[in-house]
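# Examining the three-dimensional arrangement
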Amino acid sequence: MSTTPKAVLPKLGFWQIWNMCFGFFGIQFGWSLQMGNMSAIYEYLGASPEQIPGLWLAAPMTGLIVQPIIGYMSDRTWHPRLGRRRPYFLIGAILSSLALFIMPNSSAIWMAAGVLWILDSCINISMEPFRAFVADNLDEEQQPMGFAMQSMFIGLASFIAGYLPQKLVQWLGVSREKTAGGIPENIMYSFYIGAAVFLLAVVYTVVKSKEYPPADPEWKKKLDEEGKGFMGGVKEIFSAVANMPDQMKRLALVNFLTWPGLFLMWFYYSTGVATDIFGGNTTTNSDLYTQGLEYANTTSAILNLVTFGFSFSLPFWVNKLGKKYTHSICLVLGGIGLISVKYVSDPSFLYISMGLVGIAWASILSMPYSMLAGCIPPAKMGIYMGIFNFFIVLPEIIASLFFGKVMENVLHNDRLMAVQVGGGLLVAAAIICALVVKENQSK
C-alpha cells in the first residue's frame, strides 16, 4: 500500500530527512555489536570454529521469515498517531534492546544461540520497514539522499560500536577479564550500552518524524478484497515473488554472491585476527585473544568510517561511470581487501584491507537500492523490500548449513582462509553485476 502519490510528496529539508533516518543509527549500533562479537562469544562459551556457521543460522532464518511478513503487514497498516512503518520500528526496538541486554549474560552456547534467534527476529521488525519508510516519504528526486543518509548512519554507528569494547577499557578502566558466565566484562557493558542506544535512537525517529496518510480513503477495503488473513498474506507474498521485476531478478543474483562473502568475513575475521595474527586463544592466551578481537573490531570500525565518508562520493562516481560499473568496481576493491587479509603480518596493514572493504560496503548499502528504485510497485513497497532481502539471507542459510564442513575438511579451520573465500565471492559478484545488470532500471 502506497502513501500519497509521489508527485505530490512535499520536499523535505535536510534535518527532516536526518530525523527520519536517525533511528537506523540505533539499529545498526546493535547489529554491529552482534556481528562483531557473536563468533567470539560462541568461542568464549566453548564453540569450535567449524560450529560457528551453524550457530549463526538464526540470523538468516529470521530474516527470511520475518522481513516479508513485516513488509506485508506494514503495507496494510495505518495508525492515526504512529502511521504505517513507525509502529514496527518502536515494537522492534523495545524487544531488541531487551535481547541485547540478555545476550552477554548467556552462560552456555545453546542459550546464546537462542537469544541470537530472538534478537535477530526483533531487529528485523525494526529494520525491514526503514527502506520502505524512505520510499514512502520522499519523492524520486530525494530518495537517493534518504538512502545515502541511512548509509551514513550505518557507517557511523558501526564505527563507534567497533571501537566501544576497547575504549571502555582504555577510558573507563573496564576489565577484559571474563565474568562468571564466561564473557569479558568490556563486551558485556558494550551490549548494555548498545541496548540503550538502539531504543533511544528509534524513539527519536518515531517522535521527530511523520508519515503521510493514504490518499485513497478506500485503501483498506481494496486491500481486504485482495485477500484476508494469514493465507491471503501467504498468497500475496508468493505472488510478489513470482512477479518480481526483471531488474530485481538481476540484482538478486548479484546479492546472492555478494552477501556470503560478507558473512564469511563476519563469521571469521575477528577470531581469525585474534588467533592467526595475534596468536591468542580462549584458554591459555585469553588476554591476547581479547586484544586481538579488540584490534579486529577497531579495523572494522575504520571500515565503517570509510563507508561513512565514501558514501557521499558515490553520486560523483555514478555520474562518471554509471551505477552498475560503480558498484562493480567497489565490489572488486572489497574483494581485494578481504583476500589480502591472509597475507598480513603487520596488524596495522589490516586498516588498509578493511578500508577497501569499507568502499564496497558503502556501495552495497546504497547502489542495489538505487538501481532497484522505480521498478517496485509503490503499493507493495514494504513486501518487495522484504522479498529482496531473501537474496541476502538465503546464501547465509546455505553458508550456515554447509560451510562448517568446508571449514573442517577443506580449509582445516583456517579462519583467514575462509575470509579469503569471501573476497573471491565479492569479485565474482562484481563480474556478474557488470555483465547482467541493466543501467536503465526500466529494462
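These numbers come from a predicted model, not from an experiment.

A count of helices and strands for the protein gives 18 helices and 0 strands. Against the globule reference of 22 Å for 443 residues, the protein gives a C-alpha radius of gyration of 21 Å, in line with a compact fold. On the principal axes, the C-alpha backbone points of the protein span a range of 65 × 45 × 40 Å. The 443 residues of the protein split such that 60% are buried. Long-range contacts, defined as pairs at least 24 residues apart, comprise 82% of the intrachain contacts of the protein with a sequence gap of at least 6.

Two elements in contact, helix α14 (residues 323–340) and helix α18 (residues 415–436), have axes separated by 7 Å at closest approach and are oriented at 165 degrees. Taken together, the axis directions place α14 and α18 in an arrangement best described as roughly antiparallel. Considering the relative orientation of α14 and α18, their crossing is left-handed. Of the residues in α18, those touching α14 at K324, Y325, H327, S328, L331, V332, G334, G335, L338 and I339 are V419, Q420, G422, G423, G424, L426, V427, A429, A430, C433 and A434.

If you walk through the whole model with that rule in mind, you get 32 aromatic pairs. A ring pair is formed by F89 and F130, whose centres lie 4.0 Å apart and whose planes are at 15 degrees; its orientation type is stacked. With F89 in helix α5 (residues 86–102) and F130 in helix α6 (residues 109–137), this pair connects stretches of sequence that are 41 residues apart. You can call F89 buried: its relative accessible area is 0%. A relative accessible area of 0% means that F130 is categorised as buried. On the basis of an interplanar angle of 50 degrees and a centroid distance of 5.4 Å, the ring pair of F278 and Y295 is categorised as tilted. Of this pair, F278 sits in the loop between α11 (246–277) and α12 (286–310) while Y295 sits in helix α12; the two residues are 17 residues apart in sequence, bridging distant segments of the chain. Through a chain of ring-to-ring contacts, the aromatic side chains of F14, W15, W18, F22, F25, F29, F153 and Y204 assemble into a single cluster.

A word on helix α1 (residues 14–21). When we look at burial in α1, the residues that qualify are I17, N19, M20 and C21. Lining the buried residues of α1 we find α2 (23–44), α6, α7 (143–172) and α8 (185–208).

A word on the state of the cysteines. Simply put, the disulfide is a covalent bond whose two ends are the sulfur atoms of two cysteines. Considering all chains together, one arrives at 0 disulfides under this definition. C375 carries a free sulfur, and the closest cysteine sulfur to it, the one in C433, is 14 Å from it. Its relative accessible area of 15% is what places C375 among the buried residues.

This part is about the nonpolar core. Generally speaking, a soluble globular protein has its nonpolar side chains buried in company with each other. Judged by nonpolar contacts, the single largest core of 122 residues is most densely connected at I41, Y42, M103, M265, Y269 and W361. No other element matches α11, which puts 15 residues into this core. The residues touching M103, leaving out its near neighbours within four places in the chain, are M38, I41, A112, V115, L116, L119 and F191. Counting residues in each nonpolar core, the second largest holds 5 residues, with F310, L314, I359 and A362 among its members.

Criteria and thresholds
Residues numbered from 1 in each chain as written. Predicted model: local features only at pLDDT ≥ 70, side-chain atom pairs only at ≥ 80, totals over all residues. Heavy atoms only, no water. Helix = DSSP H or I, 4+ residues; strand = E, 2+ residues; numbered from the N terminus. Rg over C-alpha atoms; globule rule 2.2 N^0.38 Å. Buried < 20%, exposed > 50% of the residue type's maximum accessible area, 1.4 Å probe, protein only. Contact = heavy atoms within 4.5 Å. Axes fitted to C-alpha atoms, helices over the stretch in contact; angles between N-to-C directions. Parallel < 35°, antiparallel > 145°, perpendicular 65-115°, else oblique. Left-handed = near helix turned anticlockwise from the far one by under 90°. Phe/Tyr/Trp six-rings, centres within 6.5 Å; stacked < 30°, edge-to-face > 60°. Disulfide = S-S within 2.5 Å. Core = buried A, V, L, I, M, F, W, Y, C linked by side-chain atoms within 4.5 Å.

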